[in-house]
Amino acid sequence: MTVTDQALLRVQDLEVRYGGIRALKGVSFHVGSGEIVALLGANGAGKTTTQKTVSGMLRPSSGSISFKGQRIDGIPAHHLINLGICHVPEGRHVFSRMTVAENLEMGAFRFRKVDPDDLDHVLELFPRLRERLAQVAGTLSGGEQQMLAIGRAMMGRPRLLLLDEPSMGLAPMVVSQIFDIIRQINKDGVSVLLVEQNAVQALRLADRGYVLETGEIALEGTGADLLTDDRVRVAYLGEEILS
Ligand code: ATP
């Protein structure tokens, strides 16, 4: 892809294997600058594999990934953070024995020291974390740990934030708060690739979405179009369509 490519992230014909298993079979999609893009699909469809490959945790066997027009497939995760790609993996993974403040500091490691403006910005997004800066992260509630995981990623000043199932295991009210914060982060100029099981909320939030089925893109469209698509409603929203 050339530098004239308008997409912030462009994934083309991506194939990823785990040994003999082809988990992704030629996946193509893009995330435009300023967009929230949802990646939906049933268990095992390949959503996490896609995100891990974009963030440099997995190497594709073929295909290409470009970020701001530059090929990045095969570049390791710690270099991609320097380019502005931050990944919040499934399951939160905060440093449970460190305090909230120390976890946030870790998110800023690429700058060597914490910029107080970055910290202020994150604590404005997550006032709950401000009250708990000295608390050990392992003692936070599930929702607070998710906030910390996202806050820590924000300390790296991402251009593209990869979020894997941020709503998993959280109460509906906390899920709404997390989705409101994702909307706010996006308004502040961060593009988002969101993997979610919670299809309704993800599609309400997203500009566009893609549906993965057994390692291939089966459907794509605007969030609004996918929400009303019969195939999405039957397969992912559990609705019966009466003809
Ligand atoms: P879920 O919603 O359950 O997290 P997913 O859509 O994120 O699912 P992936 O985790 O990307 O799906 O898995 C895609 C396919 O790759 C599945 O068939 C899965 O069993 C397989 N897979 C994932 N990780 C590995 C691994 N480390 N070794 C072998 N196969 C794997």
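Structure: see above.
Worth saying up front: this structure is predicted, and the values here are computed from it rather than measured.

Draft legend 1. Structural context of the overall build of the protein. Along the backbone of the protein there are ten helices and ten strands. Relative to the 2.2 N^0.38 estimate, which gives 18 Å for 243 residues, the radius of gyration of the protein is 18 Å and therefore close to what a compact globule would have. Its C-alpha atoms give the protein principal-axis dimensions of about 55 × 45 × 35 Å. Across the 243 residues in the protein, those meeting the buried criterion constitute 48%. Here the analysis covers contacts within the protein between residues at least 6 apart in sequence; of these, 66% occur between residues at least 24 apart. Summing over all exposed atoms, the protein offers an accessible surface of approximately 11,500 Å²; the carbon and sulfur share of this is 50%. The distance from the centre of the 26 positive side-chain charges to the centre of the 29 negative ones in the protein is 5 Å.

Draft legend 2. Structural context of the sheet that holds strand β9 (residues 208-213). Reading across from one edge, β6-β7-β8-β3-β9-β10 is the order of the six strands in this open sheet, with mixed pairing throughout. Every interior strand has two partners, whereas the edge strands, β6 (85-88) and β10 (216-222), have only one. Averaged over neighbouring strand pairs, the angle between their axes works out to 15° when direction is ignored. In this fold helix α6 (residues 142-154) packs onto β6 and β7 (160-164), with an angle of close to 170° to the strand it touches most, β6. Across the face of the sheet, helix α7 (residues 172-187) comes into contact with β3 (36-41), β7 and β8 (191-195) while running at roughly 150° to β8.

Draft legend 3. Local environment of the packing of helix α3 (residues 100-107) against α6. Contact pair α3 / α6: the axes reach a minimum separation of 7 Å and the direction vectors enclose 35°. Here the hand of the crossing between α3 and α6 comes out right-handed. Only L148, G151 and R152 of α6 make contact with α3, whose side of the interface consists of V100, N103, L104, M106 and G107. The residue makeup of the contact of α3 with α6, split by class, is four nonpolar, three polar and one charged.

Draft legend 4. The site of the ligand, seen in detail. Taken together, 13 residues sit near the ligand, with G44, G46, K47, T48 and T49 positioned nearest. One nitrogen or oxygen atom from the side chain of N43 is found 2.9 Å from an oxygen atom belonging to the ligand. Contact between the ligand and A45: an oxygen atom at 3.1 Å from a main-chain N or O atom of the residue. For the ligand, whose free accessible area comes to 630 Å², the fraction covered by protein is 61%. It is helix α1 (residues 47-54) that contributes the most residues to the shell around the ligand, three residues altogether.

Draft legend 5. Structural detail: the packing of aromatic side chains. Applying the stated rule across the entire model yields one aromatic pair. Sitting above the plane of the F111 ring, R157 keeps its charged end 4.1 Å from the centroid.

Draft legend 6. The arrangement of the side chain of T50 in detail. Within the secondary structure, T50 sits in helix α1. A relative accessible area of 0% means that T50 is categorised as buried. Discounting residues that sit within four places of it in the chain, T50 has contacts with L24, F29, L39 and L212.

Draft legend 7. Spotlight on the pattern of salt bridges. Per the stated rule, a full pass over the model turns up twelve salt bridges. Of the charged contacts, one joins E144 and R128 as a salt bridge, the two residues approaching to 2.8 Å between their closest N and O atoms. Of the two residues, E144 sits in helix α6 while R128 sits in helix α5 (residues 127-131), which places them 16 residues apart along the sequence. On the accessibility criterion, R128 (32% relative accessible area) is partly exposed. Among the ionic contacts, a cluster of salt bridges with common partners joins R128, E131, R132 and E144.

Draft legend 8. Expanded view of the pairing of β8. The element β8 is extensively covered by neighbouring structure, given that five of its five residues are classed as buried. Where burial is concerned, the two faces of β8 agree: the one with S191, L193 and V195 and the one with V192 and L194 are both buried. Pairing analysis gives five bridges linking β7 to β8, with the strands arranged parallel. Residue pairing in the sheet places L160 in a bridge with S191 of β8.

Parameters at a glance
- Residues numbered from 1 in each chain as written.
- Predicted model: local features only at pLDDT ≥ 70, side-chain atom pairs only at ≥ 80, totals over all residues.
- Heavy atoms only, no water.
- Helix = DSSP H or I, 4+ residues; strand = E, 2+ residues; numbered from the N terminus.
- Rg over C-alpha atoms; globule rule 2.2 N^0.38 Å.
- Buried < 20%, exposed > 50% of the residue type's maximum accessible area, 1.4 Å probe, protein only.
- Contact = heavy atoms within 4.5 Å.
- Areas by Shrake-Rupley, 256 points an atom, 1.4 Å probe, with all protein chains shown as cover.
- Lys, Arg positive; Asp, Glu negative; His and termini not counted.
- Charge placed at Lys NZ, Arg CZ, Asp CG, Glu CD.
- Pairing = 2+ DSSP bridges.
- Axes fitted to C-alpha atoms, helices over the stretch in contact; angles between N-to-C directions.
- Left-handed = near helix turned anticlockwise from the far one by under 90°.
- Nonpolar A, V, L, I, M, F, W, Y, C, P; charged D, E, K, R; others polar.
- Near = heavy atom within 4 Å.
- Polar contact = N/O pair within 3.5 Å; in protein donor to acceptor, adjacent residues only side chain to side chain.
- Phe/Tyr/Trp six-rings, centres within 6.5 Å; stacked < 30°, edge-to-face > 60°.
- Lys NZ or Arg CZ within 6 Å of the ring centre and 35° of its normal.
- Salt bridge = Lys/Arg side-chain N within 4 Å of Asp/Glu carboxyl O.

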